[in-house]
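Tertiary structure, described
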Amino acid sequence: MDYKLFIPEYIAGGCAVAIIGLELFMPKVRRDILAYLTFFAALAWGAASLFFVGSDPKTFPMPGTGGVEEGVAGLIQVDNFTTFFRLLGAGIVAVVALQSAAYMRDRAQTASEYYGLLLVAGAGMVYMAAARELITAYISLELLSFCLYILVGYLKKDKLSSEASLKYILLGAFSSAMLLYGISLIYGVTGTTTYDGIAAALSERGSDTDPAVVVGFVLILAGVGFKVSAAPFHMWAPDAYQGAPLPITGFLSTLSKAAGFALVLRLFSSAFTTDAEMWRWAVSVLAAATMLIGNLVAIQQTNLKRLVAYSSIGQVGYMLIVIAAIGYGDAEVGRDASAALLLHIVGYVVSTLALFSALTAYYNKTGDDSIEGLRGLSETQPFLALVITISLFSFAGLPFFAGFATKLLMFQAATSTELLWLIGLGVLNSFISLYYYLMVMRQMYLFDPMAGLKRFSVNPLLMVLTAGLAAGIVFIGVYPGPVFEGAERATNPLFDRGADIASTIAGGNEDAQARNP
Amino acid sequence: MELTILLLIPTVAAVVAGLLPQRREQDAKWVALLASVAALALSIWLFLDFETGKEGYQFVQREDWVDIGAFNLQYAVGVDGISMPLVVLTTALTVAAVLVSFSVTMRPRLYYAMLMLLSVSVLGVFIALDFMLFFLFWELELFPMFLLIAIWGSGRREYSATKFVLYTIAGSAFMLVGILVLAFSANTFDIEQLGQAEFRDTVIPLGWVFFLLFVGFAVKLPIVPVHTWLPDAHGDAPTAVSVMLAGVLLKMGGYGLIRMCVTMLPEQADDYSVWMVAIGAGSVLYGAFVTLRQTDLKRLIAYSSVSHMGLVLLGIGAMGKTALMGATYQMLAHGVITGLLFVCVGLMYERTHTRDIARLGGLARQMPIIATGLVFAGFGSLGLPALAGFVAEITVFLGAFQRYEWAVLMAIWGAVLSAGYILWTMQRVVFGPVRHEWDGLSDQKHWWEHTVVAGLVAAVILLGVYPALMMDYIGPALDPIIERVES
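Residues numbered from 1 in each chain as written. Chains lettered and ligands numbered in written order. Predicted model: local features only at pLDDT ≥ 70, side-chain atom pairs only at ≥ 80, totals over all residues. Heavy atoms only, no water.

1. Quick look at the overall build of chain A
Filter applied, for reference: Helix and strand labels come from DSSP, where a helix needs a run of H or I of at least four residues and a strand needs a run of E of at least two; each type is numbered from the N terminus. Note on method: radius of gyration uses C-alpha positions; expected globular size equals 2.2 Å times residues raised to 0.38. Under the scheme applied here, a residue whose accessible area is under 20% of the maximum for its type counts as buried, over 50% as exposed, and between as partly exposed, the area being computed with a 1.4 Å probe on protein chains only. Only heavy atoms matter for contacts: two residues are in contact if any of them lie within 4.5 Å across the pair. Only four residue types enter the charge count, namely Lys and Arg as positive and Asp and Glu as negative; His and the chain termini do not. A charge is said to be at NZ when it belongs to Lys, at CZ for Arg, at CG for Asp and at CD for Glu.
The helix and strand inventory of chain A stands at 19 helices and two strands. Compactness check: chain A gives a C-alpha radius of gyration of 22 Å against a globular reference of 24 Å for 517 residues, within 12% of the reference. If you line up chain A on its principal axes, its C-alpha atoms span 85 × 55 × 40 Å. Here chain A holds 517 residues, and the buried ones make up 62% of them. Sequence separation of at least 24 residues holds for 82% of the intrachain contacts in chain A that already meet a minimum separation of 6. Positive and negative charge centroids in chain A, built from 30 and 36 side chains respectively, lie 13 Å apart.

In structure tokens:
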């Protein structure tokens, strides 16, 4: 029982409680001070995770099983993959906290729960990435979801916010039920909930359990698909995105998606690898539908947050291609493709956060979240207009920006004869998406500002944050090497284990053959 | 190193111009002028320093850039005899574009920043020696072009800008697939190595790869039937952008065809040679016919560009050394001639505020200097001996005649028609009865207007009477390509 493995989250959780307590005992504390505290808490959390970089995978065993042998039947595994998501999560929370400082100061009576929940949600994401057991994964996912339900509805006086939260909770509960049902089916077939155990049991089961396994896979896929807002489980996303406080919209589209993919990557690359042919078709279909629906519906949006919601749905479609590729390829393909996926997620997160930093700065001044409202932004605030353009171009995958390099690597790694159609569709969709991004750009650059709107200045803190993130987009786009290296090291543990399992299984089969010639 | 500096000069100028304080915003033009003149000077120095007759690339610089999985990209730049003249053309026309923009007063910081960025991207395309770097510069050019046309253009400027972007992106999506297939097959992105590689085990047949690349470049060139963005973009773009667009951006297509399609896939190029020649000759004729019925002066020049770029494709398709030399020379000649045409038309438009040919007339009386420039450019365009266009046309025809008599005969009719539309246009716009509507309009009088017109006229004459100046560069650079084609 190595409790030291959780030190980073002790920090995150402890700071969350401290921040909530602070406002409880000092109700007059300035709201933005809480934001800065959260920022530093997130930094401390990230710094603590740095100690785990490069260390050998360590697992936390299932209680009650005693000291089971290292690496088997663990609940939680802290390896480079977990560390990667710890750093990513800490980064997202830090940025979102800074974005929220001015925004929440002007809009909410109390803010401590808001900031506390940001940290707790981050911890939820980490354990989605670290879980090696289905119930742990499920609980982490619910931890994240409950934080998000509250955060989305945090502006209590805002009807849209409350409506969004309610919709999100109802649909979220529904999807959790599906996920649980799927888990129970898999448990019924395999008799275990640990990923390794499932992998071993699935490869040895008889074919009469196929229907249950397929239904189980599909239900799990649906449950997770809901969390990452893959079509057709995306219905909640536009409403939740629109109603949520603006920084939380950014939080939803970065942290919750990254967390969903962290869970899917570990689950599908270990527990479900042996029965890839049973789910890979479903993932391909899901990817295709998500890309098409996201990008096509985005075209007709007039609200900026809804546009971002649909565009992020489209992005999820591209990412799902990688999951399909893992299903179709061997460990080699899986490793390359998931490293590229992690790189893409980082690029996507940085682009989204840059976009939302700029939008928050803009929204704090104007309070307008329609696309039309951006008219003439290039004259009233050229810097924000430039950053918004950069991040949208990054989404569209134009060269020099993160989206191009990461998408190129991702598509290249995922290319195989079975998936050529999906890659082609992905390229086509990037092309479609450029159209609606151009429509936003058009408002900013081609039209005069609305009457009465003068040049305005941006809070220096947000300015620096936005500039830093925009520089990050260009950096990843032009020089993705270092980030990719990190991503590669992060995905290695996933597939090393996969190879181990495969060899064990192969060994087992040989034994079985030796026994029954 | 020299070439990197050449790229950096306009880049820095773009940043400086973009960040000028508001009260000094009109100074952006001086920043742009200074940078573009510096870049021109540097490129001329490189041009003189270039050793003609030596094979391969010169002024090469290579740095490792990205090394991920199957991608090993370099920051690699260098020039050979084909790209060197194009680089000089680009820097020269950038100076011209900056000078004709001196009357732009609307949002000058963004304007000049974009103009400089445009120059960077075109230069990058011509000097990149890494296929992915080439592609990045190829795409970079969209952003400034979109804004330049959409903000400072006229007429249906937004429509035209969007159309331009969508056409180019669609073409480059094809191209990117082709690039990736070739690069992964040869396991390198280096253009020099790709130009010597034998491709085996490609994911899709090499014929398709050729087609993919061809489409990407053909859209830019442009050739019939993917040319329809050009008249719109030209018609609605501000003068400086038309100069850059016709002068150098179209050449990116021709350059790509020679450097990538023909050099890397000579066998496929040979297989499709007859198609390229047919499309080229078709473009010449079709462009010429459509030009005849244009009523808008800028659209007229735009369609004449389609016709002249058809000649480039004809020369490339014929694959002989003479034909390729002609095609390359045609790119240079068309660059300066059409640049001059657009400058003159732009100057006229600034004064008369119309480009409608029917409303113009007798302008030789009111603005004799601009009219002279226009007539010069027109004669160059129709291929009058001793001017640039003649040398190019005759070389293409000579080079292509042996192999594709019929195509040359078709294209010669295009040249005849060009005499028709140019002379007819001159007669309607410059000569004929004087229109008193335009009395009192000034001729060109600012120093920058004089400089541009005089400089470009000199270039048209120089390229016409002393073709060896460029041919000495182009010829030797084509030898390895021809060798590869023949083997």
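2. Regarding the pairing of strand 2 (residues 74–78) of chain A
Residue and element names in this part refer to chain A. Formally: In this analysis, strands are considered paired if DSSP registers two or more bridges between them.
A large share of strand 2 lies buried, amounting to five of its five residues. Looking at chain direction, strand 1 (residues 58–61) and strand 2 are connected through four bridges and run antiparallel. Bridged to P61 within strand 2 is G74.

3. Considerations on helix 7 (residues 195–204) of chain A
To be explicit about the condition: What the arc covers is the set of directions going from the helix axis to the C-beta atoms.
Listed in full, the buried residues belonging to helix 7 of chain A are Y195, D196, I198, A199 and L202 of chain A. Down the axis of helix 7 of chain A, the buried side of the element spans an arc of 165°, and every buried residue falls inside it.

4. Examining the packing of helix 9 (residues 236–243) of chain A against helix 10 (residues 246–271) of chain A
All names here are of chain A. For the record, the criterion: To obtain each axis, a line is fitted to C-alpha atoms, and for helices this fit is confined to the stretch in contact; angles are then taken between N-to-C directions over 0 to 180 degrees. Roughly parallel covers angles under 35 degrees, roughly antiparallel covers those over 145, roughly perpendicular covers 65 to 115, and oblique covers all other angles. The nonpolar class holds Ala, Val, Leu, Ile, Met, Phe, Trp, Tyr, Cys and Pro. Asp, Glu, Lys and Arg form the charged class, and all remaining residues, Gly among them, are polar.
Taken N-terminus to C-terminus, the directions of helix 9 and helix 10 make an angle of 135°; their axes are 8 Å apart at the nearest point. It follows that helix 9 is oblique to helix 10 by the angle criterion. Residue-level inspection shows W236, A240 and Y241 of helix 9 in contact with helix 10, the latter providing T249, L252, S253 and K257. Of the residues assigned to the contact of helix 9 with helix 10, the class counts are four nonpolar, two polar and one charged.

5. A closer look at the packing of aromatic side chains
Residue and element names in this part refer to chain A. As a reminder of what qualifies: What counts as a ring pair is set by centres within 6.5 Å for rings of Phe, Tyr and Trp (its six-membered ring), and what kind of pair is set by the plane angle: stacked under 30 degrees, edge-to-face over 60, tilted for all other angles. A ring is considered to have a charge above it if a Lys NZ or an Arg CZ atom is located within 6 Å of its centre and within 35 degrees of its normal.
Applying the stated criterion across every chain yields a total of 49 aromatic pairs over all chains. With a centroid separation of 4.4 Å and an interplanar angle of 55°, the aromatic rings of F217 and F272 are classed as tilted. With F217 in helix 8 (residues 210–227) and F272 in the loop between helix 10 and helix 11 (276–298), this pair connects stretches of sequence that are 55 residues apart. A relative accessible area of 0% means that F272 is categorised as buried. Cluster of aromatic residues (ring-pair linked, three or more members): F146, Y149, Y168, F226, W236 and Y241. Its end group placed over the ring of Y363, K305 keeps NZ or CZ at 6.0 Å from the ring centre.

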